[in-house]
Amino acid sequence: MDKEKEFRAQERNGYDMEKGKFHNFCDGNEVVIEEEQDPWKVSAVVVSQTPFAELDSVGKVQRVVGMTVRVILVIACLYFFICSLDFLSSAFKLLGGKKAGEVFRNNDILKNPVAGLMMGVLVTVLVQSSSTSTSIIISMVGAQILPIRSSIPIIMGANIGTSVTNTIVALGQITNKNDFRRAFAGATVHDMFNWLAVIVLLPLEIITGYLFHLSEVIIKSLPLETNKAAKKDLLKVITKPFTELIIQVDSKGITKIATNTHDVGAVKLMKSCCDKTKPEACCLDDFNSTISQYTTSMRTQFCDTMQANCFKPPMNTSTDNCLKSWVDSSNANDTFNCKAFTTNYTTTCYKPCEYAFKGLDEHIGEEGVGAILLVVALAILCICLVVIVKMLHQLLRGQLAVLIKKFINAEFPGKMAYFTGYIAILLGAGLTILVQSSSIFTSTLTPLVGMGVIEIDRMYPLTLGANIGTTTTGLLSALAQDADTIADSLQVAFCHLFFNISGILIFYPFPFFRPPIPLAKFLGNQTAKYRWFAIVYIFCMFFIFPALIFALSVPGWYVLAGVMIPIVVFCIIVAFINCLQRKRPGCLPPVLRNWHFLPEPLRSLRPIDRCFTKCKCCRQKDDDYVDGDKPAIQMDHNGHSNGKVGEDNQGYVINTHL
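This report concerns the structure included in the present document. Counting from 1, residues in each chain are numbered in the order their sequence is written. Residues qualify for local features only when their pLDDT is at least 70, as the model is predicted, and side-chain atom pairs are given and counted only at 80 or more; totals for whole chains, interfaces and linings, by contrast, use all residues. Working from all heavy atoms in the structure, the side-chain values ignore hydrogens and water.

Broken down by element type, the chain carries 26 helices and 8 strands. Burial status follows relative accessibility: with a 1.4 Å probe on protein chains alone, a residue under 20% of its type maximum counts as buried, one over 50% as exposed, and anything between as partly exposed. Relative to its 658 residues, the chain shows a buried fraction of 46%. We call two residues in contact whenever any of their non-hydrogen atoms come within 4.5 Å of each other. Expressed as a percentage of contacts within the chain between residues at least 6 apart in sequence, the contacts between residues at least 24 apart total 74%. Areas reported as accessible are Shrake-Rupley estimates using a 1.4 Å probe. Residue values count occlusion only from the protein chains shown. Put simply, the chain shows about 34,200 Å² of open surface, and 62% of that area lies on carbon and sulfur atoms. Each helix corresponds to a stretch of at least 4 residues labelled H or I by DSSP, and each strand to a stretch of at least 2 residues labelled E; elements are numbered beginning at the N terminus.

Among the nonpolar cores identified, the biggest contains 84 residues, and Phe 104, Ile 137, Met 156, Ile 247 and Tyr 537 are the most heavily contacted of them. It is helix α8 (residues 177-208) that provides the largest number of residues to this core, a total of 10 residues. Residues contacting Tyr 537, with those up to four places away along its chain left out, are Thr 167, Phe 184, Thr 188, Asp 191, Met 192, Leu 523 and Phe 542. Working definition of a nonpolar core: buried Ala, Val, Leu, Ile, Met, Phe, Trp, Tyr and Cys residues. They are joined through side-chain atoms within 4.5 Å.

This brings us to the side chain of Ser 438. Along the chain, the position of Ser 438 falls in helix α19 (residues 438-451). Here Ser 438 is in contact with Thr 162, Thr 432, Ala 466 and Thr 470, once residues within four sequence places are set aside.

Checked against the element boundaries, Asp 609 lands in helix α26 (residues 606-612). In this tally, Asp and Glu contribute negative charge and Lys and Arg positive charge; neither His nor the terminal groups of the chain are included. Salt-bridge detection follows one rule: a side-chain nitrogen of Lys or Arg within 4 Å of a carboxyl oxygen of Asp or Glu. Although Asp 609 is buried, it makes no salt bridge; Arg 610 carries the closest opposite charge, 7.2 Å away. Within the structure, the side chain of Asp 609 is placed 2.9 Å from the side chain of Trp 532, a separation counted as a polar contact. As used in this structure description, the phrase polar contact means that two N or O atoms lie within 3.5 Å; if the pair is within protein, one of them must be able to donate a hydrogen and the other to accept it, and residues adjacent in sequence are counted only when both atoms belong to side chains.

Turning to helix α22 (residues 486-507), a few remarks are in order. A helix is expected to reach a length of 1.5 Å times the quantity of its residues less one. The end-to-end C-alpha distance of α22 is 32 Å, a good match for the 32 Å that 22 residues give at a rise of 1.5 Å each. Judged by how many residues are buried, α22 sits mostly within the fold: 17 of 22 residues are covered.

Only residues above 30% relative accessible area that lack a salt bridge enter a patch, with like-charged residues linked at up to 9 Å and the nonpolar side chains Val, Leu, Ile, Met, Phe, Trp and Tyr linked at up to 5 Å. Taken together, Phe 412, Met 416, Tyr 418, Phe 419, Ile 423 and Leu 426 make up a surface patch of nonpolar side chains, about 590 Å² in accessible area. On the secondary structure map, Ile 423 appears in helix α18 (residues 420-435).

With that settled, the discussion passes to the pattern of salt bridges. Across all of its chains, the model carries 6 salt bridges by this definition. Across the pair Asp 179 and Arg 182 runs a salt bridge, and its minimum N-O distance is 3.0 Å. Remark: Arg 182 and Asp 179 occur in helix α8; sequence separation between them is 3 residues, near one turn of the helix. The salt bridge partner of Glu 411 is Arg 458, with a shortest N-O separation of 3.6 Å. Taken together, the residues Glu 411 in the loop between α17 (398-408) and α18 and Arg 458 in helix α20 (residues 456-469) connect sequence positions 47 residues apart.

When you line up the elements, Gly 116 lands in helix α4 (residues 113-127). Other than its neighbours up to four places away in sequence, Gly 116 contacts Leu 110, Pro 153 and Ile 154.

With that settled, the discussion passes to the packing of helix α24 (residues 532-553) against helix α25 (residues 557-583). Contact geometry of α24 with α25 gives a least axis separation of 7 Å together with a crossing angle of 130°. With respect to each other, α24 and α25 are oriented oblique. For the pair α24 and α25, contact is made by Ile 549, Leu 552 and Ser 553 and by Val 559, Leu 560, Val 563 and Met 564, respectively. Here the contact of α24 with α25 is built from residues that sort into 6 nonpolar, 1 polar and no charged. Inter-axis angles, ranging from 0 to 180 degrees, are taken between N-to-C directions of lines fitted to C-alpha atoms, where helices are fitted over the stretch in contact. Here is the rule for angles: anything less than 35 degrees is roughly parallel, anything more than 145 is roughly antiparallel, 65 through 115 is roughly perpendicular, and the remaining ranges are oblique. Polar here means any residue other than Ala, Val, Leu, Ile, Met, Phe, Trp, Tyr, Cys and Pro, which are nonpolar, and Asp, Glu, Lys and Arg, which are charged; Gly is therefore polar.

All right, on to α18 then. Its 16 residues place the ends of α18 23 Å apart at the C-alpha level, agreeing with the 22 Å of an ideal helix rising 1.5 Å per residue. When we look at burial in α18, the residues that qualify are Thr 420, Gly 421, Ala 424, Ile 425, Gly 428, Ala 429, Thr 432 and Val 435. Elements in contact with the buried residues of α18: α19, α20 and α22. Of the residues trailing α18, Gln 436 is marked for its positive phi of about 60°.

Another aspect to go through is the environment of Val 217. For Val 217, the location among the structural elements is in helix α9 (residues 210-220). Its relative accessible area of 57% is what places Val 217 among the exposed residues. Between the C-alpha atom of Val 217 and that of Gln 491, which follows or precedes it by 274 residues, the distance is 9.4 Å.

Let us now look at the packing of aromatic side chains. Here a Phe, Tyr or Trp ring, Trp counted by its six-membered ring, pairs with any other such ring whose centre lies within 6.5 Å, and the pair is stacked when the planes are under 30 degrees apart, edge-to-face when over 60, and tilted otherwise. Scanning the entire structure with this criterion turns up 22 aromatic pairs. Ring centres 5.5 Å apart and planes at 75° place the aromatic pair Phe 184 and Tyr 537 in the edge-to-face group. Linking Phe 184 in helix α8 with Tyr 537 in helix α24, this pair joins segments that are 353 residues apart in sequence. Neither residue differs from the other here; Phe 184 and Tyr 537 are each classed as buried. Among the aromatic residues, those joined into a cluster by ring pairs are Phe 193, Tyr 418, Phe 419, Tyr 422, Tyr 460, Phe 507, Tyr 508 and Phe 513. Geometry around Phe 212 places Arg 149 over its ring, the cationic atom sitting 4.3 Å from the centre. We call a charge positioned over a ring when the NZ of a Lys or the CZ of an Arg lies within 6 Å of the ring centre and within 35 degrees of the ring normal. For Arg 514, the ring lying beneath its charged end belongs to Tyr 508, and the centroid distance is 3.9 Å.

Right, let's talk about the packing of α20 against helix α21 (residues 471-479) for a bit. Where α20 contacts α21, the two axes come as close as 4 Å, and the packing angle between them is 5°. Considering the angle they form, α20 stands roughly parallel to α21. On the side of α20, the interface is formed by Asn 467, Ile 468 and Gly 469, while α21 contributes Thr 471, Thr 472 and Thr 473.

Dropping the structure here:
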């Protein structure tokens, strides 16, 4: 009876039982109230394909061939997509790598933790690789140029800067409102986690130094040993044959500038020599340490052989200088100082590098090459992204789509569902270790989030796992350091690891306290309403805001505090009032129950949006209004119109059919 009364009441209010909509009439005009669908859930799958068993022989062959071709296209485009990310990183290194290295030279500024944090963000954005920036920091710590404590904020900044890549990739789905909403939210959930982790953990580290002390205790308990072979390429073994045909950039050049061992003008980032075995290593290979005592003739023969093998004629060496590099020892085997000998002479390159852009820097400079490469990289990235999305849309149809989406977003049964996310974290960490780049891993998943194959609630733990997996690059780089510097270098790498683990322990264990997800959804909704918002967000969050905070922190902490504290307090007050407006509006004075008393530019982005309407790609279409922004007629409980435009109180969007 209660259900029947409820249905009759709904019919009186205009609910159409057959169409599942509310109908009402205002002055003879029909008003249809449609309940909004949740855009964040995986879209419903309509199984429209003919079952494979019902196809004839020709149809089955066509189906198999078509799917095979599409799979090959997806794999090929994914390969070139990953290569384009490598090109993008190389382009940014050529454009800003030397400047980034110069910035790291100023140790006095980097001792300021806030300045160091923002510098880590800017440098990582410039070189498009947290692996490169963390390797530079580890090398500087190993060379005793940068203290360990000062390097920790820079590592935190590198963690933030690396998330710009998948945010840029999300722009590839800007033409579809809902896909772009999900893709941008899936990308920015990485940003939000990194920023929130820094906001909480940086002050804690400044006050207590817990990351420094924790990593120090672990380092002292480990038996450390240098392992030059620790750093291995996995995914790059596949991509290098193609990328090296186009461009080859020496990341160590940035390290040389940062560690102040070379002048900026003397460093070339575009490789010119591709010798695999350096003279020092060649010399060590030629030296036979099993001979207890070298005679004068044996020493001369060794010098002649070594010079012939390790220096391409004409060589700038002499046998006399070679003989002077011997170290006699009456109680041990003879030794030869290969490092001292080979570094004192200029060697001729055995194998010059060959690639498409070689020699172009002599005409337009390395920055010009970087600009051209940037355009090429973005073009390849966008083309591959469009093809991948279209092919996946065609592949993920029918029952296959149902199975894949259910599998990826499935939860363990019962109380074990809580641990599903932790398995996703481990999976994200493992795959990131495999590809040795969190940018590649998260950028590959971003289009799948936009398509709805992966939900943002599943993308979040995968992103957290990527943050852990990317720290292995720093650990491997530290293990390859010299014996006298490995302890400090490894301590920095452990600080990076424990920073990410600490952030996960704060922002993941409690399902009700995962703020990166709602923040990312808010950003996704804004980009769905205003396409230009995404580009403004990237520039503000990764360039303008870090540069502004860095500029304020350089004069001293008191300048930064004097400017930022009032702004932070104001933002907290506004956020608190917004929360009360949604949850408990009755607790507020009538004037504060909404922001309508403020001028429109202070409470809405519409005035800015009107400035962008001349740009077609940024223009807001009629079907792009979301979250109640579409003009609607508000009605009271009796079905009378109040003549105002806005959002009704029940969460429905009201469309009028005149």
